[in-house]
Amino acid sequence: SAHITVQENDLHELTLPSTHNHTEDMPISWQNIDQNDPLTVYLSYQYNSESGNGSGTHQLSIPSQNLGTGNYSIPAYQLSNPEGIYHVTVKLSSQKTGTIDSHFRSGRIISSRISISGSCNIE
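What counts, and where the lines are drawn
Residues numbered from 1 in each chain as written. Predicted model: local features only at pLDDT ≥ 70, side-chain atom pairs only at ≥ 80, totals over all residues. Heavy atoms only, no water. Helix = DSSP H or I, 4+ residues; strand = E, 2+ residues; numbered from the N terminus. Buried < 20%, exposed > 50% of the residue type's maximum accessible area, 1.4 Å probe, protein only. Contact = heavy atoms within 4.5 Å. Areas by Shrake-Rupley, 256 points an atom, 1.4 Å probe, with all protein chains shown as cover. Lys, Arg positive; Asp, Glu negative; His and termini not counted. Charge placed at Lys NZ, Arg CZ, Asp CG, Glu CD. Pairing = 2+ DSSP bridges. Polar contact = N/O pair within 3.5 Å; in protein donor to acceptor, adjacent residues only side chain to side chain.

Undergrad: Mind showing me how you'd approach the overall build of the chain here?
TA: The secondary structure content of the chain amounts to 1 helix and 10 strands. Along its sequence from the N terminus, the chain presents helices and strands in the succession β-β-β-β-β-β-α-β-β-β-β. Considered along the principal axes of its C-alpha atoms, the chain spans approximately 55 × 35 × 20 Å. In the chain, which comprises 123 residues, the proportion classed as buried is 34%. Look at the contacts in the chain between residues 6 or more apart in sequence, and 66% of them connect residues 24 or more apart. As displayed, the chain offers around 7400 Å² of accessible surface, 41% of which is attributable to carbon and sulfur atoms. Side-chain charges of the chain comprise 5 positive and 11 negative groups, with the mean position of each set lying 20 Å from the other.

Undergrad: Honestly, the sheet that holds strand β6 (residues 52–61) in this entry has me stumped. Any pointers?
TA: One key point about sheets: their strands pair by backbone hydrogen bonds, in either a parallel or an antiparallel sense. Read across the open sheet, the 5 strands follow the order β3-β10-β8-β5-β6; overall the sheet is mixed. Each of the sheet's edge strands pairs with one partner strand only, and the pair in question is β3 (19–20) and β6. Direction of pairing for strand β8 (residues 85–97) relative to strand β10 (residues 111–122): antiparallel, over a ladder of 11 bridges. Looking at β10, one finds that Val88 is bridged to Cys120.

Undergrad: Help me understand the sheet that holds strand β7 (residues 71–74) in this model?
TA: Taken in spatial order, the 3 strands line up as β2-β4-β7 in an open sheet, and their pairing is antiparallel. With one partner strand each, in any of the chains shown, β2 (14–15) and β7 form the two edges of the open sheet. Direction of pairing for strand β4 (residues 26–30) relative to β7: antiparallel, over a ladder of 4 bridges. Its bridge partner being in β7, Ile28 is matched across the sheet by Tyr72.

Undergrad: In this structure, what is going on with the environment of Ile116? I would like to understand it.
TA: Secondary-structure assignment places Ile116 in strand β10. Separated by 104 residues in the primary sequence, Ile116 and His12 place their C-alpha atoms 7.3 Å from one another. Among all residues touching Ile116, those that are not within four sequence positions of it are Leu11, His12, Glu13, Leu14, Val90, Lys91 and Leu92.

Undergrad: It is not clear to me how the environment of Gln78 should be interpreted in this structure. Could you clarify?
TA: For Gln78, the position within the fold is in the loop between β7 and β8. Look at Gln78 and you get buried, because its relative accessible area is 10%. As a C-alpha pair, Gln78 and Thr57 span 21 residues in sequence and 9.8 Å in three-dimensional space. Dropping the residues within four chain positions of it, Gln78 is found in contact with Leu43, His58, Leu60 and Ile85. Looking at Gln78, its side chain comes within polar contact range of the side chain of His58, at 3.3 Å.

And the structure:
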């Protein structure tokens with residue numbers, strides 16, 4: 001047997017700018033999430049610099065005091081490291097984990113995850 005209580009509300013809206021300056025913190029906001037549900041931001045980026053081009057991801061945990069407000073600012077240094085970031089995709093994700101019977105193999109997990117994403121060009 002397994003048991004999980006899923007999120008009470010779904011993520012229906014994520015707001016972020018369509019274009020943003022890499023020297024400033026980037027504000028994001030969301031609606032309709034329970035302030036007791038943990039949220040994580042996955043910041044996927046693409047960059048082009050003198051040393052080459054590529055992509056990567058930063059993972060940011062949203063502080064508990066921001067969960068109920070529906071607002072968070074992605075620090076500017078996350079938009080400048082590595083140098084030359086020109087596009088980001090912001091994915092806001094909530095994951096809750098439940099309990100699962102010990103008769104299942106080790107590493108067992110049951111979880112509920114909801115996510116929403118948006119993208120932004122970086123100047």
